[in-house]
Amino acid sequence: MATVIVVTSGKGGVGKTTTSASFATGLAQRGFRTAVIDFDVGLRNLDLIMGCERRVVYDFVNVINGEANLNQALIRDKRVENLYILPASQTRDKEALTKEGVEKVLNELKQSFEYVVCDSPAGIERGALMALYFADEALVVTNPEVSSVRDSDRILGILASRSRRAEQGDPPVKEHLVLSRYAPERADRGDMLSVEDVLEILGIPLLGVIPESQTVLQSSNAGVPVIMEDGSEAGAAYGDLVDRFLGKTLPHRFITTQKKGFLKRLFSGS
Amino acid sequence: MGLFESLFRTSSSNKSAALAKERLQIIVAHERGSRRGSPDYLPALKKELLEVVRKYVPVDQSQIKVHLDREGGYEILELNITLPDEEQRYGRD
Ligand SMILES: Nc1ncnc2c1ncn2[C@@H]1O[C@H](COP(=O)(O)OP(=O)(O)O)[C@@H](O)[C@H]1O
Ligand SMILES: [Mg+2]
């Protein structure tokens, strides 16, 4: 049976789309048939981050409305096997995502995919509620910053009360914390919430810490999910995150400052 | 700005993460409380239940306990009514 994972946060601009793109890519790279859906109706973005914007013909809402079938709308990734993208509609009709329509599309996807990743829009309105409603698991993307942490907590409340699993009394949506845009040196200085602070407040298991990194912007410029950038810290952190999601136990990297002394630098040659 | 003051400023800005954490703990606890606290219909429910039960058995307010619990994804509404001895016997056949 396929697993539906929502990438959510409440707050905008925290790294949901960046995470969705890299997470889905990582699952597909590891051999799992994966579809990633952009739920941000009216503000399509995932296609750009995945570098397939010029291949969009039909979208999610076209499929819901029966104007195209799923195979016509799904974009097969050219670089990674097993990876498919379902782009968001640019319609301004916020009612376009109906619960029945979303359910129909997800049910169809679940027949041929192992993982379905739902990239949620910001906010707690219809699009965000639809993205999380059918989820089995949730990646809650949070920045080490007050408003992001508070919004994540609200989203956790919604997952626990308004998801289908909650409404039907099924086992709850499995929650994972993704702490993104983390700057260890600032946390060490005490002017940014630390990993421990955020964990203590939100109280859900940590799946991964993604460092603040220039490479994220560069890779989005190029339309390449950052997980595909060899040698980048953010890419490596996403790689670890995917492995952990799939059950590996790995230590968290990039969460402490590398204080290299003169001698150490001399001997490590960097 | 004197040396003393600037020293003070630096140290207080160093604590901004601690301040953020403290503020978050308060607001999050507050919001969780209103989100997960007992629903506002409980007192009315309790009163009406009491009225129904009283049609059949004389009980008073203190003998009825309504309790809402959450366990995992479930909500359990627990209703406890202590019946007076005689009435209890009377109710059986
Ligand atoms: N780890 C990171 N380091 C630096 N910039 C990041 C990181 N993650 C995301 N960003 C940047 O933050 C912005 C918002 O990211 P995005 O994934 O679109 O967020 P959301 O989907 O939550 O709105 C983008 O400009 C993106 O490049
Ligand atoms: Mg987004």
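Our subject is the structure that appears above.
In what follows, the accompanying structure is described. Values in this document were obtained by computation on a predicted structure and should not be read as measured data.

Residues and elements named next belong to chain A. Neighbouring ligand 1 are 14 residues; Gly 13, Lys 16, Thr 17, Thr 18 and Ser 213 lie closest to it. Here an oxygen atom of ligand 1 and a backbone polar atom of Val 14 are 3.2 Å apart. Between Ser 213 and ligand 1, the recorded distance is 2.9 Å, taken from a backbone N or O atom to a nitrogen atom. Burial of ligand 1 by the protein amounts to 79% of the accessible area it has alone, namely 560 Å². Listing elements by their share of the shell around ligand 1, those giving two or more residues are helix H1 (16-29), strand S7 (174-182) and strand S8 (206-211). Considering every element that reaches the shell around ligand 1, the biggest residue donor is H1, with three residues. Here the shell around ligand 1 is composed, by residue class, of four nonpolar, seven polar and three charged.

All names here are of chain A. Applying the stated rule across the entire model yields six aromatic pairs over all chains. Centroid distance Phe 23 to Phe 245: 5.0 Å. Interplanar angle 90 degrees. Geometry classified as edge-to-face. Taken together, the positions of Phe 23 in helix H1 and Phe 245 in helix H12 (residues 233-245) put the pair 222 residues apart, joining distant regions of the chain. Considering the side-chain rings of Tyr 115 and Phe 245, the 6.0 Å spacing of their centres and the 70 degrees angle between planes classify their relative orientation as edge-to-face.

Before going further, it helps to spend a moment on the nonpolar core. Residue and element names in this part refer to chain A. Within the largest apolar cluster, 56 residues are counted, with the highest numbers of intra-cluster contacts made by Phe 39, Phe 60, Leu 86, Leu 97, Val 102, Leu 109 and Leu 159. The residues touching Phe 60, leaving out its near neighbours within four places in the chain, are Ile 37, Asp 38, Phe 39, Leu 86, Pro 87, Leu 97, Val 102 and Val 105. Within the second largest apolar cluster, 33 residues are counted, among which are Leu 46, Met 50, Cys 52 and Ala 237.

This brings us to unusual backbone geometry. Leaving glycine out, the prevailing phi sign among residues is negative, and the prevailing peptide bond configuration is trans. Residues and elements named next belong to chain A. Unusually for a residue other than glycine, Asn 82 sits at a positive phi of about 70 degrees. Mapped onto the fold, Asn 82 is located in the loop between strand S3 (75-76) and strand S4 (83-86). Taking the relative accessible area as the measure of exposure, Asn 82 reaches 21% and is therefore partly exposed. Here the phi dihedral of Arg 181 falls at roughly 60 degrees; this positive angle occurs in a residue that is not glycine. Relative to the helices and strands, Arg 181 resides in strand S7. For Arg 181, a relative accessible area of 41% gives the class partly exposed.

A separate point is the pairing of strand S5 (residues 115-119) of chain A. Residue and element names in this part refer to chain A. For S5, the tally of buried residues reaches five of five residues, placing the bulk of the element in the interior. In S5, alternate side chains face the same way, and those of Tyr 115, Val 117 and Asp 119 on one face and Val 116 and Cys 118 on the other are all buried. Sheet analysis places strand S2 (residues 34-38) next to S5, joined by five bridges and oriented parallel. What sits directly across from Ala 35, in S5, is Val 116.

Of the strand pairs in this sheet, strand S6 (residues 137-142) of chain A and S7(A) are connected by six bridges, and their pairing is parallel. If you follow A:Leu139 over to S7(A), its bridge partner there is A:His176.

About the criteria used
- The written sequence of each chain sets the order in which its residues are numbered from 1.
- As they are written, the chains are lettered A onward and the ligands numbered 1 onward, keeping that order.
- Selection of residues for local features in this predicted model requires a pLDDT of at least 70, selection of side-chain atom pairs for listing and counting requires 80 or more, and totals for whole chains, interfaces and linings are taken over all residues.
- With hydrogens and water set aside, each side-chain value is computed from the structure's full complement of heavy atoms.
- Being near a molecule or strand, for a residue, comes down to having at least one heavy atom within 4 Å of it.
- Pairs of N or O atoms are called polar contacts if they sit within 3.5 Å, as long as, within protein, a hydrogen donor faces a hydrogen acceptor (for residues adjacent in sequence, only side-chain-to-side-chain pairs).
- Each accessible area is a Shrake-Rupley result for a 1.4 Å probe, and residues are judged covered by the shown protein chains and nothing else.
- Helix numbers and strand numbers start at the N terminus; a helix is a DSSP run of H or I with at least 4 residues, a strand a run of E with at least 2.
- Polarity classes work like this: nonpolar for Ala, Val, Leu, Ile, Met, Phe, Trp, Tyr, Cys and Pro, charged for Asp, Glu, Lys and Arg, and polar for all others, with Gly in that last group.
- Two aromatic rings, drawn from Phe, Tyr or Trp (for Trp, its six-membered ring), form a pair once their centres lie within 6.5 Å of each other, and the interplanar angle then sorts them: stacked below 30 degrees, edge-to-face above 60, tilted otherwise.
- Throughout this description, the term nonpolar core refers to a set of buried Ala, Val, Leu, Ile, Met, Phe, Trp, Tyr and Cys residues connected via side-chain atoms within 4.5 Å.
- Classification of residues uses two cut-offs on accessible area relative to the type maximum, computed with a 1.4 Å probe and protein chains only: under 20% is buried, over 50% is exposed, and between them is partly exposed.
- Contact between two residues is taken to exist if any of their heavy atoms lie within 4.5 Å; hydrogens are not considered.
- Here, strands pair whenever DSSP counts at least two bridges between them.

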